[in-house]
Amino acid sequence: MKIISHGFLRLYLVIALTAMVGCEGEQSAFAGLGPVSSRITLLMWVMFIAAALITAFICLLIFISIAGPSRWRQKLSSEQGVVLGGIVFPVVTLSTLLIYGFMVLREGENLVHAENPVRISVVGERWWWRVIYLHDDGQTTESANEVHIPTGRTIELELSTADVIHSFWLPAYAGKVDMVPGRINKLHLIADKPGVVRGQCAEYCGGAHALMAFYAVAMLPADYDAWLAKERSGAKPASEKEGERLFFASGCGGCHSVRGSRANGEIGPDLTHVGGRLSLGAGILPNEPKSFAQWISRHQTLKPENLMPPFDFFSESELQALSAYLNALE
Ligand code: HEC
Ligand SMILES: [Cu+2]
């Protein structure tokens, strides 16, 4: 009898392959781009394979107990069989896996221990990320929705929240860590090589939770230092005068900061270098010149319930001027 037809086999293959496409992407727990995530990936495979073997073994026992030779069936149902199979076997296998799991995770923590880490504070906000670089001289530089890190160094992320519980999840580098009101949770990680990966809020935090993503950009240390120095500086004097005028006249500066200008709002993301970021709206739109106009005119459609008030009254030319001003903030 043919249990699996060719059609079914093909269907299984398609499903398996589709699921595996997710393993290579920019937001993948399988990518293992640093020592912490590599440990997690290793642990996942060991647990998965062990669970698969145990399941196969149990299936075999079930099969024997139903259709096996009567001598074997008697063995299985004897008191000895029950004690061995029902108590000793699960206690030994599960305890071994548990202890192994603790050891692997502990080792991952030790690998990233360092005296002098790069410190970055990330604050979860509904529904975006406030990112604050903590300099060695005690000063800070604020940015948003993007975390830049140097490769090869221990990064210490201080995770907190401005409102509800969020969860910081950057699968290429580390496991999830919750951002809990009133607490600062630390997450240590190392990026092995330069590259861009994506992260996502992993704890339901209300309306636009699913649209609360971010990017992490790992850079060679020299590139990182240059980037940070630029990020730290204020915005250049605006060349787009009309856009700048509209920005202030519309009250944008009441919620957004543009360091080096009058705009010093604290409610929304810092826009000092927004033109140089990868995305707008916490990973929702690619940062292209036309995205600014899209965000300003339609952000409540693109990211329903987000906490920026609607600004759907600008004319096309006003939108273009505002966009040009924001885009030039690199
Ligand atoms: C009441 C406060 C408030 C005002 C006023 C406001 N914004 Fe915002 N803005 C926000 C918040 C909050 C977000 C984050 C939304 C999100 O991603 O969930 C945001 C996001 C943005 C972003 C995306 C930034 C990023 O890093 O992704 C841009 C660009 C922006 N606002 C431009 C403007 C402009 C231009 C104006 C004026 C026309 C304006 N905002 C007025 C609160 C405000
Ligand atoms: Cu969330």
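Residues numbered from 1 in each chain as written. Chains lettered and ligands numbered in written order. Predicted model: local features only at pLDDT ≥ 70, side-chain atom pairs only at ≥ 80, totals over all residues. Heavy atoms only, no water.

## Examining the coordination of the iron atom of ligand 1
What counts is decided by this rule: The rule for donors is simple: N, O or S, within 2.8 Å of the metal, or within 3.2 Å if the metal is Na, K or Ca. Water isn't counted, so a site may look like it is missing partners. Tetrahedral means four donors with every angle between 85 and 135 degrees, whereas square planar (four donors) and octahedral (six donors) require angles over 155 degrees between opposite donors and between 65 and 115 for all others; sites fitting neither are termed irregular. Secondary structure is summarised from DSSP: a helix means a run of H or I of at least four residues, a strand means a run of E of at least two, and numbering begins at the N terminus for each. Exposed residues in this analysis have more than 50% of their type's maximum accessible area, buried residues have under 20%, and partly exposed residues fall in between, with area computed by a 1.4 Å probe over protein chains only.
Around the iron atom of ligand 1, the protein supplies His256 (NE2) and Met308 (SD) as donor atoms, at distances of 1.9 to 2.2 Å. Around the iron atom of ligand 1, the six donor atoms are arranged such that angles at the metal cover 86 to 179°; this shape is classified as octahedral. Here Met308 lies in the loop between helix H7 (289-302) and helix H8 (316-327) and His256 lies in the loop between helix H6 (241-249) and strand E11 (279-280), a separation of 52 residues in the sequence. Since its relative accessible area comes to 11%, His256 is described here as buried. For Met308, a relative accessible area of 18% gives the class buried.

## A short note on the sheet that holds strand E5 (residues 155-161)
For clarity, the cut-off: Criterion used throughout: strands pair if DSSP finds at least two bridges between them. Angular values range over 0 to 180 degrees, each being the angle between N-to-C directions of two axes fitted as lines to C-alpha atoms, with helices fitted over their stretch in contact.
Pairing within the open sheet is mixed, and its five strands lie in the order E3-E2-E1-E5-E8. Every other strand in the sheet has two partners, leaving strand E3 (140-144) and strand E8 (185-189) as the edge strands with one partner each. Adjacent strand axes in the sheet meet at a mean angle of 25° when their direction is disregarded. Across five bridges, the pairing between strand E2 (residues 128-134) and E3 is antiparallel. In the strand pairing of E3, Ile132 is matched with Glu142.

## Things to note about the site of ligand 1
Inclusion rule: Throughout this document, a residue counts as near a molecule or strand when at least one of its heavy atoms sits within 4 Å of that molecule or strand. The term polar contact refers here to a pair of N or O atoms within 3.5 Å; inside protein, the definition further demands a hydrogen-donor-capable atom paired with an acceptor-capable atom, and it admits residues adjacent in sequence only when both atoms are side-chain atoms. In this analysis the probe radius is 1.4 Å and the grid spacing 1 Å, with only protein atoms considered; a cavity is a set of points the probe fits into but cannot get out of, a pocket is an open set with protein on both sides within 12 Å along at least five of seven lines, and lining residues have an atom within 4 Å of a point. If over half the atoms of a molecule are within 2 Å of the grid points of a cavity or pocket, the molecule is regarded as sitting in it. Note on residue classes: Ala, Val, Leu, Ile, Met, Phe, Trp, Tyr, Cys and Pro are nonpolar, Asp, Glu, Lys and Arg are charged, and everything else, Gly too, is polar.
Residues in contact with ligand 1 amount to 25 residues; listed here are only the nearest, Cys252, Cys255, His256, Gly281 and Met308. The contact in question runs from an oxygen atom of ligand 1 to an N or O atom on the side chain of Arg277, over 2.8 Å. Judged by the fraction of its atoms near the pocket grid, ligand 1 is located in the largest pocket. Grouping the constituent residues of the shell around ligand 1 by class yields 17 nonpolar, six polar and two charged.

## Considering H6
Spacing of three or four residues puts side chains on the same side of an α-helix, whose turn is 3.6 residues. Counted only if it meets this: Here, residues are in contact when the closest pair of their heavy atoms is within 4.5 Å.
Taken together, the buried positions of H6 are occupied by Gly243, Glu244, Leu246, Phe247 and Phe248. Lining the buried residues of H6 we find H8. After H6 finishes, the residue Gly251 shows a positive phi value of roughly 85°.

## What to know about helix H5 (residues 221-232)
This is how the line gets drawn: Here the expected span of a helix is defined as 1.5 Å times the quantity of residues minus one. It is the directions from the helix axis to the C-beta atoms whose arc is reported.
Taking 1.5 Å as the rise per residue, H5 with twelve residues should run 16 Å; its terminal C-alpha atoms sit 16 Å apart, in good agreement. Within H5, burial applies to Tyr224, Trp227, Leu228 and Glu231. Down the axis of H5, the sector holding all buried residues measures 100°, keeping them to one side. Exposed residues on H5 whose side chains face more than 90 degrees from its buried face are Ala222 and Ala226. The inward-facing, buried residues of H5 abut strand E1 (118-125), E2, E3, strand E4 (146-150) and strand E10 (213-219).

## Notes on the nonpolar core
To be explicit about the condition: By nonpolar core we mean a set of buried residues, namely Ala, Val, Leu, Ile, Met, Phe, Trp, Tyr and Cys, connected to one another through side-chain atoms within 4.5 Å.
Counting residues in each nonpolar core, the largest one holds 38 residues, and the members touching the most others are Ile120, Val122, Trp129, Ile149, Leu157, Phe168 and Tyr173. By residue number, the principal contributor to this core is E10, which donates five residues. For Phe168, the contacting residues outside a window of four places in its chain are Val122, Trp129, Leu157, Leu159, Gly175, Lys176, Val177, Met179, Leu187, Gln200 and Phe214. By size, the runner-up hydrophobic cluster in this structure holds 25 residues, among which are Ala263, Leu285, Trp295 and Met308.

Just distances and angles here, no functional claims.
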